[in-house]
Structures are given as structure tokens and as C-alpha cells.
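Survey of secondary and tertiary structure
Each chain, written out:
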Amino acid sequence: MLPRHNDPIAAIATAPGRGAVGIVRVSGKGIAALVRTLCGKALKPREATYLPFRDAGGSPIDHGLAIYFPGPHSYTGEDVLELQAHGGPVVLQLLLARCLEAAQSANEDGKPVLTGLRLAQPGEFTERAFLNDKIDLAQAEAIADLIDASTEAAARSASRSLSGAFSQEIHVLRDALVHLRMLVEATLDFPEEEIDFLQKADAFGQLERLRAQVTAVLARAHQGALLREGIKVVIAGQPNAGKSSLLNALAGAELAIVTPIAGTTRDKVQQTIQIEGVPLHVIDTAGLRDSDDEVERIGIARAWDEIAAADAVLFLHDLTRVEQADYAAADADIARTLQDRLPAQVPVIHVWNKTDMAAADVQSRHTAQLNAEQIALSARTGDGLDALRKRLLEVAGWQSAPEGLYLARARHVEALQAVDAHLEMADEQLAAQSAHLDLLAEELRLAQLSLNSITGEFSSDDLLGVIFSSFCIGK
């Protein structure tokens with residue numbers, strides 16, 4: 001632990017703005033004297049007490065509830081005081097200032113009531129809960145994910161992660177890996193023994209079962225990461241192909257301006273929608289064409305920037321113009337540019353729009369044999385939107401959410417992928433006729449380090465800093 005982790009800390013724990021209730025939180029070792037100074041008396045543990053919150057002169061700042069949680073039975077594992085007042089920003093700032101002021105005041109011995117009380121850094125309350133073994137790192141991240149959840153499915157999955165469902169799966173993997181490492185280390189330590197430890201203990205079978213477990217957990221973690229982060233979908237195409245209408249149809253609201261005038265959309269319009277609980281960040285962009293308008297050219301350049309960063313691209317074709325020579329040539333140019341600029345793994349879904357307006361013979365020629373990357377629809381009537389939604393979920397890699405799905409982050413997926421890679425190398429070493437047991441042991445050790453990084457049993461200070469800096473101040 002760093003020296004700052006020993007300092008008592010204070011912060012406003014509720015979101016900025018006005019509300020019925022606001023909370024000021026103090027955490028640290030031995031804050032009982034500060035409790036008496038602020039509240040005028042000692043408080044019964046974990047019992048809400050209604051009283052006035054007074055300034056240094058004795059005038060009331062507000063009236064509210066005070067709750068004292070002696071450590072280790074508290075959120076942070078330290079002594080915690082929560083002052084629940086009315087949720088006005090001025091009131092809460094006055095109350096926070098009073099906490100800091102009261103800590104510096106002298107007690108009966110002439111010493112400060114609480115030495116070193118300071119404002120908390122982002123996420124520092126939760127960081128202390130982690131450092132004091134109240135939660136592991138995956139659970140700490142789940143707290144932030146629960147607060148930031150944009151869909152009901154994400155909130156429920158984050159709650160499962162917070163309860164320890166994800167961590168438990170990681171612990172099961174770790175225990176199996178530790179047992180396998182023990183067998184390998186025993187063989188290394190006692191090479192003269194006649195008993196082949198690895199063969200007798202079915203080390204190869206244990207490793208295969210462990211790899212299968214990692215694959216299953218990795219699949220669920222990937223689904224959880226989708227629930228948390230979603231995918232970025234960019235709508236591209238020529239002017240007046242119906243991009244803004246499609247965004248509005250997917251969002252179920254009139255977000256983008258729709259007119260018959262080419263080049264109406266000059267800048268990106270973004271909306272997050274959810275399909276089966278998966279957040280999709282859908283971006284409408286300027287129509288792709290050559291233009292003499294400086295503002296429109298800037299919008300088109302931004303459109304290509306968004307396309308380059310997309311997880312999936314919806315390339316819209318206007319069925320009412322698709323057989324016009326100049327329009328078809330421009331579509332072909334855009335298709336070639338997409339192929340050149342996008343990585344191979346980024347799917348381009350061709351959307352044939354305006355089925356409600358196109359002639360029947362035109363539709364039959366262009367939509368009669370659609371494949372998985374082609375959808376025919378009408379953004380105006382909504383016909384075909386369900387097929388597009390289904391295809392977007394397939395592109396994201398989403399499967400119907402199994403019961404008990406937990407939320408995961410990209411770093412969890414990366415760590416599990418690293419575990420899988422190390423176990424694959426270990427498998428190759430074990431399967432070799434002249435197995436190098438020292439290399440096998442090293443691969444297993446690296447796999448365990450990757451697993452431990454998920455729950456924080458082995459984590460660098462830099463990693464902790466990145467994770468907790470994304471929290472709000474009062475968490």
C-alpha cells in the first residue's frame with residue numbers, strides 16, 4: 001500500500017447537481033473523535049441518527065441522518081461516517097468543508113481531532129475496499145459498471161459480477177491450474193523418482209479439461225464485454241440513400257433531419273440503441289460524394305474517420321436509383337474504398353433501402369438472392385428492420401443471453417486469451433516426446449499470472465491507477 005492509503009479521506013458521494021438527498025462520506029482509521037465533533041455525540045454503530053449538522057460556530061448547516069460504520073464492517077473496511085443531508089450542491093460543499101475543518105480542530109489533548117484528513121481521489125473509497133480485501137478487482141470494476149450500465153441486461157450482469165459470480169469462475173480455474181503446476185514442479189524437483197508424477201496423475205487430461213473450462217469462461221466473458229461496451233455501427237452511403245431515416249427508425253425517434261435535399265447531414269449524429277440488451281452505438285454520417293462545399297467536405301472527411309474506427313458498417317443503397325449509371329458507379333467506388341480502408345475482420349453489411357418505393361422488377365433483380373451480408377428494408381415503413389437487428393447481433397458475436405451471465409471488461413477478455421495461449425503452449429510441451437518440463441512449468445506460471453490479474457491478486461500499481469481513476473470521486 002502507498003503512504004496515501006493511510007490518510008483518512010472525505011468526499012461528496014452523490015452525483016453533482018440538486019436532489020432530495022446528498023451524502024458526504026468520510027473513511028479512515030480511528031475517526032470516532034471526528035464523529036463526536038461533527039455530530040456532538042458518539043453514534044451507535046450502523047444506526048441512523050437524525051440530528052443537526054453544525055458549523056464551527058454552532059449554527060446549523062442542515063438537518064439530516066448520520067450513520068457510523070466501525071471497521072472492518074464497512075464498505076472500505078475502515079471506519080466510515082456517512083452524513084445524509086439535503087442534496088443541494090452548496091449544502092454538501094459546506095458539509096464537506098466542515099468535515100475537513102473539524103478534523104483540524106483541537107481535541108481535549110490539544111491535538112488535531114483527525115490528522116491528515118484530505119479530499120478523496122477518484123475511486124479511492126472502492127480502491128480501499130479492494131486493498132482491505134472487502135472485494136477483489138473484478139468486483140470493484142463491477143461497481144463502476146453497475147453505475148454506468150446503459151441497459152437492464154448490463155445492470156443485471158454487473159450485479160452478478162459484483163456478487164462474485166465472475167470471480168468465483170476465475171478462482172475455480174486458478175485452483176485447477178495451481179494443482180497442475182504442483183504436479184509439474186514435483187516432477188522437476190524429484191527427477192530421480194521412478195514414479196512418473198505427470199502420467200500417474202493424468203496431467204494431460206487435467207490440462208485438456210482446464211483448457212475447455214477456459215474456453216467456456218472466455219466465451220461468457222466475451223458476451224459480458226459486449227453487454228458493457230457494445231459495438232460501434234456506422235451508416236455509410238451516398239447522399240439521400242436514407243441513412244438518417246435508418247438511424248431514426250433504429251432509434252425509434254426523430255434524431256436526424258431528413259429532407260430530399262442532398263447533403264443535409266454535415267456532421268455525425270450518434271445514438272446508442274439496445275437490441276436484446278446489447279448496446280449498439282449507431283452513427284449517421286454525411287453522404288459520401290465529391291463536393292465543392294467546404295463544410296460538406298469536412299463532414300465527408302469525418303465520415304471516413306468514423307468508418308475507419310467502426311466495428312461494423314451499414315452500406316446503404318437506394319433501390320430507386322441503383323440502376324442509374326452514375327449512381328451505380330459511385331456505389332462501386334465507395335465499395336472499393338471500403339474494402340481498401342477497412343480491416344478484413346470489419347463486416348460491411350449491404351442494406352438495400354426504399355423497398356416501399358422501388359419498382360418490383362428492380363427489387364427482384366437486386367434482392368432476389370440476398371446473402372448474410374445483404375438486407376433489404378424500408379427505413380420509412382420499418383419493413384425488414386428486424387432482419388437487420390438480428391444481423392447486427394450476429395455481427396457482434398452475441399448469442400441469446402444465458403442465465404447467470406456476468407459483465408466483463410475488455411481487459412478480462414484479453415487476460416483470458418493470454419491464459420488460453422499459455423495453456424496451448426503448455427499443451428504442446430506436454431505432448432512432445434521429449435517434453436521440456438521447465439518450459440511447461442513456465443507456461444503454467446504465466447497462465448496463472450494472467451488469471452490473477454483479473455481479480456487483482458497480482459496487479460501492478462499502474463493497472464490499479466488506470467482502473468480506479470475512471471470512478472467518480474465519491475466512489
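Read on for an overview of the structure. None of these values were measured; they are calculated from a predicted model.

Describing the overall build of the protein
Along the protein, the regular secondary structure elements total 16 helices and 12 strands. Within the protein, contacts between residues at least 6 apart in sequence are counted, and of these 68% link residues at least 24 apart. Only carbon and sulfur atoms are counted for the fraction: they give 52% of the accessible area of the protein, which is about 22900 Å².

Here's the deal with empty space enclosed by the protein
On inspection of all chains with the given rule, the structure shows one cavity of 30 Å³ or more. Of the pockets and cavities examined, the largest cavity occupies roughly 40 Å³. Lining the largest cavity, in full, are Leu 38, Phe 53, Arg 54, Ile 61, Leu 83, Leu 95 and Arg 98. At the level of secondary structure, the elements contributing two or more residues to the lining of the largest cavity comprise strand E3 (49–54) and helix H2 (89–104). Taken together, the residues of the lining of the largest cavity break down into five nonpolar, no polar and two charged.

Some thoughts on the sheet that holds strand E4 (residues 60–69)
Pairing is mixed across the open sheet formed by six strands, whose spatial order is E3-E4-E5-E2-E1-E6. Strand pairing shows two members of the sheet lacking a second neighbour, E3 and strand E6 (118–119), which therefore form its edges. Here eight bridges tie strand E2 (residues 19–28) to strand E5 (residues 79–87), and the two strands are oriented antiparallel to one another. The partner of Ser 27 across the bridge, within E5, is Val 80. Docked against the sheet, helix H3 (residues 124–131) engages strand E1 (9–12), E2 and E6, running at close to 135° with respect to E1.

Thoughts on the packing of aromatic side chains
One pass over the structure, following the stated rule, counts zero aromatic pairs. Above the plane of the ring of Phe 125 lies Arg 25, whose end atom (NZ or CZ) is 5.2 Å from the centre. Over the ring of Trp 304 we find Arg 341; its NZ or CZ atom is 4.5 Å from the centre of that ring.

Topic: the pattern of salt bridges
Under the definition given, this model contains 24 salt bridges. Between Arg 118 and Glu 124 there is a salt bridge whose closest N-O contact spans 2.6 Å. In this pair, the class of Arg 118 matches that of Glu 124, namely buried. Of the charged contacts in the structure, one is a salt bridge between Arg 411 and Glu 141, with a shortest N-O distance of 2.7 Å. Of this pair, Arg 411 sits in helix H14 (residues 410–431) while Glu 141 sits in helix H4 (residues 137–148), and the two are 270 residues apart along the sequence.

Side note on the side chain of Asn 353
If you trace the backbone, Asn 353 turns up in strand E11 (residues 348–353). Exposure remark for Asn 353: the relative accessible area of 3% places this residue in the buried category. Within the structure, the side chain of Asn 353 is placed 3.0 Å from the backbone nitrogen of Ala 379, a separation counted as a polar contact. Excluding residues within four positions of it along the chain, Asn 353 makes contact with Ala 241, Gly 242, Leu 316, His 317, Asp 318, Leu 319, Leu 377, Ser 378 and Ala 379.

Thoughts on the sheet that holds strand E8 (residues 269–275)
Each strand in a sheet pairs with its neighbour through backbone hydrogen bonds, running either in the same direction (parallel) or in the opposite one (antiparallel). Spatial strand order, E8-E9-E7-E10-E11-E12: six strands in an open sheet with mixed pairing. The open sheet has two free edges, formed respectively by E8 and strand E12 (374–376), since each of these has just one partner strand. Averaged over all pairs of adjacent strands, the angle between strand axes in this sheet comes to 25°, irrespective of strand direction. Where strand E10 (residues 312–318) lies against E11, six bridges are found, and the strand directions are parallel. What sits directly across from His 317, in E11, is Trp 352.

Cut-offs used in this document
Residues numbered from 1 in each chain as written. Predicted model: local features only at pLDDT ≥ 70, side-chain atom pairs only at ≥ 80, totals over all residues. Heavy atoms only, no water. Helix = DSSP H or I, 4+ residues; strand = E, 2+ residues; numbered from the N terminus. Contact = heavy atoms within 4.5 Å. Areas by Shrake-Rupley, 256 points an atom, 1.4 Å probe, with all protein chains shown as cover. 1 Å grid on protein atoms, 1.4 Å probe; cavity = no way out; pocket = protein on both sides within 12 Å on 5 of 7 lines; lining within 4 Å. Points joined across faces, edges and corners; volume = space filled by probe spheres on them. Nonpolar A, V, L, I, M, F, W, Y, C, P; charged D, E, K, R; others polar. Pairing = 2+ DSSP bridges. Axes fitted to C-alpha atoms, helices over the stretch in contact; angles between N-to-C directions. Phe/Tyr/Trp six-rings, centres within 6.5 Å; stacked < 30°, edge-to-face > 60°. Lys NZ or Arg CZ within 6 Å of the ring centre and 35° of its normal. Salt bridge = Lys/Arg side-chain N within 4 Å of Asp/Glu carboxyl O. Buried < 20%, exposed > 50% of the residue type's maximum accessible area, 1.4 Å probe, protein only. Polar contact = N/O pair within 3.5 Å; in protein donor to acceptor, adjacent residues only side chain to side chain.

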